[in-house]
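# Structural overview
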Amino acid sequence: MHEYSIASALLELVDEQARRHVATRVLAVHVGVGELAGVEPELLRQAFELVRERSVCAGASLEIRRVPARWACRDCAASVPPGLELRCAACAAPARLVEGAELLLERVEMEVA
Amino acid sequence: MCDVCGCGDREQVSVELHERILGSNERMAGHNREHFRRRGLLALNLMGSPGSGKTALLEATRRAAPGLRLAALSGDLATERDAERLRAAGIPAEAITTGSACHLDAGMVHHALHHLPEAPLDVLVVENVGNLVCPAIYDLGQAANVVALSVTEGEDKPLKYPVMFRAADLVLLTKADLLPHLPEVSVERVAEALARVMPEPRMIVVSARSGEGLGRWVEWMEAQKRVLQPVALAP
């Protein structure tokens, strides 16, 4: 259950944005969570509900964009389907993860005075 | 106040960002990595389930390679038992008790580094909290991730915990001395499961009890140490 520490780190980043823009309150926080980021969206949501109390994010919605894991050949860039051996069918080179491990703060919507 | 028409409505702004949520941990990890590089020290993040044999592996490594200057940081929710075991085995070790945290982070490792001996070291193993989920996503500044998976845990563990095994540079299949008692466990099937979650699967079958595979494990560490970026000399 590391989602609390992630929610706290997220709150700090949003708080920094709110101060920079002299926001009176935050309306929505948008995050991108990769399938292989090791973060459960529902747990992150629950953790965020708890840590945002009495913060500038009290009342803010959390919008989570799920990013599926996408693998491609390291050498020829051909797509490598998940679930099988992570190796290119054409040239046998190992696959690399193109996306799906990210854990990003992508957008903050705020009300400014 | 809205400054377009003066209507009294508050203005709304939407700020587009691309900011890593664990960025502050990653900056601290970068600081640790620089510290390890300056010391010419190979830092490994050793992860695995509770009871996968991480501490026993280190004790056996010490016996198998007495010339390797090994030190350890040992993370647990409570007690210093693992660090005490390692010190009894002749490995300088510092405990990191996390309270209720399920993983180590770069800041905890940074604090513990201050207590390590000044003497030259070859390898620092950070023995993470026993857990196959959370530790995988926190960079500590290590050069490589090593995951201990014991033969009794089930061949499909890699498929159930892909985040952890994707992050692994090496998997040590531990407690191999038990294999004769486990006819249903196939090392090949573990390797097949790994190949589906690890793009470049590397696995060494080891036993802390019999010493099987420890030579290859030590050779792997020595090879990793050789490819560490050489320290740039100050002008």
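Below is a summary of the structure that appears in this document.

So, how was this worked out
- Residues numbered from 1 in each chain as written.
- Chains lettered and ligands numbered in written order.
- Predicted model: local features only at pLDDT ≥ 70, side-chain atom pairs only at ≥ 80, totals over all residues.
- Heavy atoms only, no water.
- Pairing = 2+ DSSP bridges.
- Helix = DSSP H or I, 4+ residues; strand = E, 2+ residues; numbered from the N terminus.
- Axes fitted to C-alpha atoms, helices over the stretch in contact; angles between N-to-C directions.
- Contact = heavy atoms within 4.5 Å.
- Buried < 20%, exposed > 50% of the residue type's maximum accessible area, 1.4 Å probe, protein only.
- Arc of directions from axis to C-beta.
- Core = buried A, V, L, I, M, F, W, Y, C linked by side-chain atoms within 4.5 Å.
- Polar contact = N/O pair within 3.5 Å; in protein donor to acceptor, adjacent residues only side chain to side chain.

## Description of the sheet that holds strand E1 (residues 23–34) of chain A
Strand order in the open sheet formed by four strands is E2(A)-E1(A)-E6(A)-E1(B), with mixed pairing between adjacent strands. The open sheet has two edge strands with one neighbour each: strand E2 (61–67) of chain A together with strand E1 (11–20) of chain B. The mean inter-strand angle of the sheet, taken between neighbouring strand axes irrespective of direction, is 20°. When E1 of chain A meets strand E6 (residues 103–112) of chain A, the two strands line up antiparallel, connected through nine bridges. When the sheet's bridge partners are listed, Arg-25 of chain A is paired in E6 of chain A with Glu-111 of chain A. Contacts from helix H2 (residues 41–51) of chain A reach E1 and E2 of chain A, with the element oriented near 160° to E2 of chain A.

## Overview of helix H3 (residues 81–88) of chain B
Residues and elements named next belong to chain B. Buried within H3 are the following residues: Asp-82, Ala-83 and Leu-86. Around the axis of H3, the buried residues are gathered within 100° of arc, so they sit on the same side. Of the exposed residues in H3, those oriented more than 90 degrees away from the buried face are Arg-81 and Ala-88. Packing partners of the buried residues in H3 comprise helix H2 (54–64), strand E3 (70–76), strand E4 (93–97) and strand E5 (123–127). Once H3 ends, the next one or two residues include Gly-90, with phi positive near 90°.

## What about the sheet that holds E3 of chain B?
The strands making up a sheet associate through hydrogen bonds between their backbones, and the pairing can be parallel or antiparallel. All names here are of chain B. One open sheet accounts for seven strands, arranged E4-E3-E5-E2-E6-E7-E8; its pairing is parallel. At either margin of the open sheet sits one strand with a lone partner, and together these are E4 and strand E8 (203–205). Between one strand axis and the next, the sheet turns through 20° on average, direction left out of account. As judged from the five bridges shared by E3 and E5, these two strands associate in the parallel manner. Looking at E5, one finds that Ala-71 is bridged to Leu-124. Most of the contacts of H2 go to strand E2 (residues 42–48), to which it runs at about 140°, and overall it touches E2, E3, E5, strand E6 (144–150) and strand E7 (170–174).

## Focus: the nonpolar core
Counting 63 residues, the largest nonpolar core has Val-26, Val-29, Val-31 and Leu-105 of chain A as the members making the most contacts within it. Considering each element in turn, this core owes the most residues, eight residues, to helix H1 (residues 3–20) of chain A. When neighbours within four sequence positions are excluded, Leu-105 of chain A is seen to be in contact with Leu-10, Leu-13, Val-14, Val-29, His-30 and Val-31 of chain A together with Leu-17, His-18, Glu-19 and Ile-21 of chain B. Ranked by size, the runner-up nonpolar core spans 29 residues in total, among them Leu-68, Leu-70, Val-125 and Trp-220 of chain B.

## A short note on the environment of Val-26 of chain A
Secondary-structure assignment places Val-26 of chain A in strand E1. If we skip the residues at most four places from it in the chain, Val-26 of chain A touches Val-14, Ala-18, Val-56, Cys-57, Gly-59, Ala-60, Val-108, Glu-109 and Met-110 of chain A.

## Some thoughts on the side chain of Glu-155 of chain B
Residue and element names in this part refer to chain B. Along the chain, the position of Glu-155 falls in the loop between E6 and helix H5 (157–160). There is a polar contact of 2.6 Å between the side chain of Glu-155 and the backbone nitrogen of Ser-186. Reaching out from Glu-155, the side chain makes a polar contact with the side chain of Arg-189 at a distance of 3.0 Å. Aside from chain neighbours lying at most four places away, what touches Glu-155 is Glu-184, Val-185, Ser-186, Arg-189, Val-190 and Ala-193.

## Description of the environment of Asn-25 of chain B
Residue and element names in this part refer to chain B. Structurally, Asn-25 can be placed in helix H1 (residues 23–39). On a C-alpha basis, the gap between Asn-25 and Tyr-138 in space is 7.3 Å, while along the polypeptide they are 113 residues apart. Once you skip the residues sitting within four places of it in the chain, Asn-25 turns out to touch Asp-105, Ala-106, Gly-107, Tyr-138 and Asp-139. Of note is the side chain of Asn-25, whose polar atom sits 3.0 Å from the backbone oxygen of Asp-139.

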